[in-house]
Every structure is written in structure tokens, then in C-alpha cells.
Amino acid sequence: MTTPSRSPLQTASCRSPQSAKRPRILIIYTGGTIGMIENAETRALEPFNFDHLIENVPKIKLLDIDIESVEFSNPIDSSSMNPIHWQSIAKVIEDNYDSFDGFVVLHGTDTMAYTSSALSFMLENLRKPVIITGSQLPIGDVRTDGEENLITALQVASARDGEGMPMIKEVAILFEDFLWRGNRATKHSSDNFCAFSSNNFPALASFGLGIHFNREVLRHPRPGGELKVHYNFDTNVMVVDLFPGIQENVVRHMFETPGIRGIVLKTFGAGNGPTDPWFISLLQEATARGIVIVNISQCVNGSVMPGLYSAGLFISQAGVISGRDLTAEASITKLMHLLGSNHSHERIVELMNRSLCGEMTTD
Ligand code: ASP
């Protein structure tokens, strides 16, 4: 996959009278429930356009913010999201980086944590907020959570510190009462308004009567360095979820998939798997063929600890990398991102072991 030449996004504007001092925020509308309306025939929710969304949030005009927008020409249910869409979002951010103080991406919740993880790896040296939000109920619904999420996202994207610099300098997911690091968040509920959590990292901010930033955990990119966007992904990857009774022929078939270059292995507890000789051999053969295998836990909280049990030690001895406390979303997107680079195998292994942008606890 290479740099997109033509973006499937089109521009629109909901701009209020401009003032030099007001923050300038670009909304990037990709689709998702927040902008959906019900199909009269099927009664199923379908993505709809940005004007409809904004018409339902008249309060937006009361904000002391200059807002412009771009939208996907065909807004999508985020279940159809893929790396080409990530490239389009990143391209808009790159093209508009100097003209705006921050970015709000409106996105479906289903794959939001994949997009936020992917963007965090794509946007090296990011120094401005990229706040991703959406909603569980459409913006036209009387009980919608979308209005509050959108307004708070615009406020967080506009927030500055005492030196006038953006308070948030990373990709984050804003949902209901919290702001989460984008590559640490996971959708945990298809019903609750509080749909996201970050099980191994604290919230960047919480929302009550005020917006409370957790300054100690905010990212501070190293000084210097221009925004550098990494567009390439290699999608020759898979997730293999272990379960008691998993068969040799099944695992062999998956590991020997033609063209496969990377595997996220979801193991039990602190990173353990079956000690059957066939399983150990399949892991050894796969890593010897140059397949990058990353071990993450099926537990949503805690970290892989390869040496804690012999049932985990043999996995690392077979050349499998510990994904420590990576989320499933961050591990698969990090793998696609690194495999899509021009790095050598050794360098990919080295970078997989490092935290690139706060996605993993390494000490
Ligand atoms: N299926 C929707 C989507 O991910 C769900 C949502 O937005 O909440 O686009």
C-alpha cells in the first residue's frame, strides 16, 4: 500500500466568523452511528451526510472556535474501515496540519480503537490533538450521546496549556466521561454510553462539570522534528486466538497461509499456551521462516510475562516477541505498520519490542 494520490474525502464548511485568537479545528467526518439515520424500508441505520449531523447540533455555533470540515464522499459504517481509509484521514491531517490547531475525527465506534491505534503509528512527531469520537445513538435521536461527545471533543481539541501550546499532542479517543490514549483504548460495550476503556493505562482526561486533564500521563513529543506521516501498511497479518482443544491441523493451516508475514498470538493469562510438542514446533518453524509473531494476552488487563510459567517460557524461546500489555488493536496495527515499512526483519523485531508512541509499558 502506498501514499494515496486521491482522497475519498470532500470539503464542506460550517465556519463561523474568524478571529485570529480563536482556535481553528478541522472536523473529519468518516461516518458511524453519530451521523446515521434509519432506512425507512429496512429500519436499519445507515450512514448519512455531514450537514444532517451538524444541523442536529446547533449549539456548535455557540463555541468560541472556528470550525471547518471535510467528509468522506461516502460516509461508512466503521465495520468497513481499512488502511486505505486510514491513509485518507492521515493525508487530510498532513495537508491541513499547519492551518489548524487540532483535528476531530468523527468515526463509528466498532473499529474506532483500530483507527486510533493506526493513526498513532502513522503520525510521527505529532504535536497537535487528533481527537476521535462518535456515539452509540444517532445524533438525531432525542437521547443521543453524540452531541455531548462532539462538543467536548471540540473543546478538548482547542484546549491549550499555560504556554499556549496544545494540551493534547497525540491521538486520543473521547467517549462519554473520558479521554483515552488512542493506542490504549478498546471498545468494551455495544450498549453502554461509556463504550470504551483503557485497561492498562489511565485516562488522559475526565469530564464532569469541568474538563480535568491528567497532566502526568499526557504525551510530550521530543523537541524538534516535523510531522512525518507513514502511509504504508502490510495487511498480510492475522490474529490467532488460542482455546483449549485447538487442533494441530488448524494451527498449521493458519501459520502456513501463503504470504503471511505477521501473527498476533492471543494466549492465556500471562502469555501461556499449550506445551504440546506440535505447537512448539509450529511456532519454531514459523519464526524460522521469518514470520513475526507477537504474544498478547486474552486478558484485557495485565501484561504478558514470558518467564513466569514454563507454559509461557517456551513461546518466547521459540522466537515469539512479547507484546507485553498491548491491546489487540494496537498490536495488529503496529505489526501492519512495521511490516509495511522498509525495515529489516531485525529492526522490526527491535521496534516491536519498543514503545513507539506510548502504546506499551516497557519498564
Ligand atoms: N456500526 C457502527 C460503526 O461502527 C457503530 C457505531 O458507530 O457506534 O460505524
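Here's what I pulled together on the structure shown here. Everything numeric in this text was worked out from a predicted model, so none of it was measured.

**Topic: the site of the ligand**
So, step 1. Inspection of the region around the ligand gives Gly32, Thr33, Met36, Asp77, Ser78, Gly108, Thr109, Asp110, Ser135 and Gln136 as its neighbouring residues.
So, step 2. The side chain of Thr109 places a nitrogen or oxygen atom 2.4 Å from an oxygen atom of the ligand.
So, step 3. Within the side chain of Asp110, a nitrogen or oxygen atom sits 2.7 Å from a nitrogen atom of the ligand.
So, step 4. Notes on the ligand: free accessible area 260 Å², of which the protein chains cover 91%.

**Considering the side chain of Arg181**
So, step 1. Following the sequence through the fold, Arg181 ends up in strand 10 (residues 178–181).
So, step 2. Side-chain polar atoms of Arg181 contact the side chain of Glu170, separated by 2.6 Å.
So, step 3. Setting aside anything within four residues of it in sequence, one finds Arg181 in contact with Glu170, Val171, Ala172, Phe201, Leu204, Val217, Leu218, Arg219, Cys357 and Gly358.

**Overview of the packing of aromatic side chains**
So, step 1. What the rule picks out here adds up to seven aromatic pairs.
So, step 2. Feature note: the residues Trp278, Phe279 and Phe314 constitute an aromatic cluster, connected by ring pairs.
So, step 3. Note that Arg24 overlies the ring of Phe100, its terminal NZ or CZ placed 4.5 Å from the centroid.
So, step 4. When the ring centre of Tyr97 is taken as reference, the NZ or CZ atom of Lys128 above it lies at 4.9 Å.

**Here we look at the pairing of strand 5 (residues 66–76)**
So, step 1. Within strand 5, nine of the eleven residues are buried, which leaves it mostly tucked inside the rest of the structure.
So, step 2. For strand 2 (residues 24–31) and strand 5, the ladder comprises seven bridges, and the chain directions are parallel. Its bridge partner being in strand 5, Leu26 is matched across the sheet by Glu68.

**Examining helix 2 (residues 83–96)**
So, step 1. The first and last C-alpha atoms of helix 2 sit 20 Å apart over 14 residues, in line with the 20 Å expected at 1.5 Å per residue.
So, step 2. Of all the positions in helix 2, only Pro83, His85, Trp86, Gln87, Ser88, Ile89, Ala90, Val92 and Ile93 are classed as buried.
So, step 3. The opening residue of helix 2 is Asn82, an N-cap whose side-chain oxygen sits 2.8 Å from the backbone nitrogen of Ile84.

**Some thoughts on the pattern of salt bridges**
So, step 1. The final tally for this structure, using the stated rule, is 18 salt bridges.
So, step 2. When the shortest N-O distance is used, the salt bridge between Asp66 and Arg22 registers 3.3 Å. On the criterion of sequence distance, the pair formed by Asp66 in strand 5 and Arg22 in the loop between strand 1 (9–13) and strand 2 is long-range, its members being 44 residues apart.
So, step 3. Classification of Asp66 as buried rests on a relative accessible area of 2%.
So, step 4. Taking the shortest distance from any N to any O, the salt bridge between Arg222 and Glu124 comes out at 3.8 Å.

Parameters and conventions
Residues numbered from 1 in each chain as written. Predicted model: local features only at pLDDT ≥ 70, side-chain atom pairs only at ≥ 80, totals over all residues. Heavy atoms only, no water. Near = heavy atom within 4 Å. Polar contact = N/O pair within 3.5 Å; in protein donor to acceptor, adjacent residues only side chain to side chain. Areas by Shrake-Rupley, 256 points an atom, 1.4 Å probe, with all protein chains shown as cover. Helix = DSSP H or I, 4+ residues; strand = E, 2+ residues; numbered from the N terminus. Contact = heavy atoms within 4.5 Å. Phe/Tyr/Trp six-rings, centres within 6.5 Å; stacked < 30°, edge-to-face > 60°. Lys NZ or Arg CZ within 6 Å of the ring centre and 35° of its normal. Buried < 20%, exposed > 50% of the residue type's maximum accessible area, 1.4 Å probe, protein only. Pairing = 2+ DSSP bridges. Expected span 1.5 Å × (residues − 1). Salt bridge = Lys/Arg side-chain N within 4 Å of Asp/Glu carboxyl O.

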